[in-house]
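Working through the structure, step by step
The lines below spell out each chain.
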Amino acid sequence: MATAAHTLQVKSHSTPDERRAPEKTLLELNHLAEFSVGRMTMQPGWTWADNIKPTVNTDSCRLLHVGYCLSGTLEVMLDDGATATITVGDSYLIPSGHNAWVVGDEPYVAIEMHSAASYGVPTSENG
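Scope of this entry: the structure provided in the associated data block. Predicted model, so just to flag it, every value in this text is computed and none were measured. (Residues numbered from 1 in each chain as written. Predicted model: local features only at pLDDT ≥ 70, side-chain atom pairs only at ≥ 80, totals over all residues. Heavy atoms only, no water.)

**Re the overall build of the chain**
Check the secondary structure of the chain and you find 3 helices and 9 strands. The globule rule puts the C-alpha radius of gyration for 127 residues at 14 Å, and the 14 Å found for the chain is close to it. The principal-axis extent of the C-alpha atoms belonging to the chain is close to 45 × 30 × 25 Å. Split into buried and exposed, the 127 residues of the chain put 39% on the buried side. Of all intrachain contacts in the chain linking residues separated by at least 6 positions in sequence, the fraction that spans at least 24 positions is 58%. Carbon and sulfur atoms make up 55% of the accessible area of the chain, which totals about 7000 Å². Counting 7 positive and 15 negative side-chain charges, the chain places the centres of these two groups 6 Å from one another. (Helix = DSSP H or I, 4+ residues; strand = E, 2+ residues; numbered from the N terminus. Rg over C-alpha atoms; globule rule 2.2 N^0.38 Å. Buried < 20%, exposed > 50% of the residue type's maximum accessible area, 1.4 Å probe, protein only. Contact = heavy atoms within 4.5 Å. Areas by Shrake-Rupley, 256 points an atom, 1.4 Å probe, with all protein chains shown as cover. Lys, Arg positive; Asp, Glu negative; His and termini not counted. Charge placed at Lys NZ, Arg CZ, Asp CG, Glu CD.)

Structure, rendered in structure tokens:
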């Protein structure tokens, strides 16, 4: 699928287009044409089950995530039991059907290039 971009755009996450802040979570979104790039910060003690599940009302996260970890550590478990640890410098692809939690005392910070626009949005709004 080819995408044609005709306008140069540069936006800072210091002044994002949109912010979402579920408990222990900060998502700073910039919208660039049909793309959205998000900087996600999850505080120590954050878990998808405790902090996002009550908003989206699904048994596990139904989004596909593609991103890059800037700091901290995130443990991910797929619905089939497969696990992975994401840490500083890792690029990642997390398929739909997972849970995750921050490991340790440092916030987890990542740049998301896929699904950021839908993250933390109630399921009825995701379609």
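Continuing now.
**Thoughts on the side chain of Glu28**
Here Glu28 lies in strand S2 (residues 25-32). Note on Glu28: relative accessible area 6%, which makes it buried. A polar side-chain atom of Glu28 sits 2.7 Å from a polar atom in the side chain of Arg39. Once residues lying within four places of it in the same chain are set aside, the contact partners of Glu28 are His13, Pro16, Glu18, Arg19, Val37, Gly38 and Arg39. (Polar contact = N/O pair within 3.5 Å; in protein donor to acceptor, adjacent residues only side chain to side chain.)

**Things to note about the nonpolar core**
Formed by 22 residues in total, the largest nonpolar core has its most connected members in Met42, Trp46, Leu74, Ile86, Tyr108 and Tyr119. Going through the elements one at a time, S2, strand S3 (35-42), strand S5 (73-78), strand S7 (91-94), strand S8 (98-102) and strand S9 (108-114) are the ones with two or more residues in this core. (Core = buried A, V, L, I, M, F, W, Y, C linked by side-chain atoms within 4.5 Å.)

**Section: a nonpolar patch on the surface**
A surface patch of nonpolar side chains, amounting to about 270 Å² of accessible area, comprises Tyr68, Leu70 and Met113. Residue position: Met113 is located in strand S9. (Patch = residues over 30% accessible without salt bridge, like charges linked within 9 Å, V, L, I, M, F, W, Y side chains within 5 Å. Salt bridge = Lys/Arg side-chain N within 4 Å of Asp/Glu carboxyl O.)

**Topic: the sheet that holds S2**
Read across the sheet, 6 strands follow the order S1-S2-S3-S9-S4-S7 without closing on themselves; strand pairing throughout is antiparallel. Here the strands that pair on one side only, and so sit at the sheet edges, are strand S1 (18-20) and S7. Taken over all neighbouring pairs, the strand axes of this sheet differ in orientation by 25° on average, direction set aside. For strand S4 (residues 65-71) and S7, the ladder comprises 4 bridges, and the chain directions are antiparallel. The partner of Gly67 across the bridge, within S7, is Tyr92. (Pairing = 2+ DSSP bridges. Axes fitted to C-alpha atoms, helices over the stretch in contact; angles between N-to-C directions.)

**Regarding the pairing of S2**
Where S1 meets S2, 3 bridges bridge the pair, whose relative direction is antiparallel. Paired with Glu18 across the two strands is Leu29, which belongs to S2. Linkage of S1 to S2, two consecutive antiparallel strands, is achieved through a turn of 4 residues, within which Lys24 is found at a positive phi near 60°. Of the pairings in the sheet, the one linking S2 to S3 comprises 8 bridges and is antiparallel in character.

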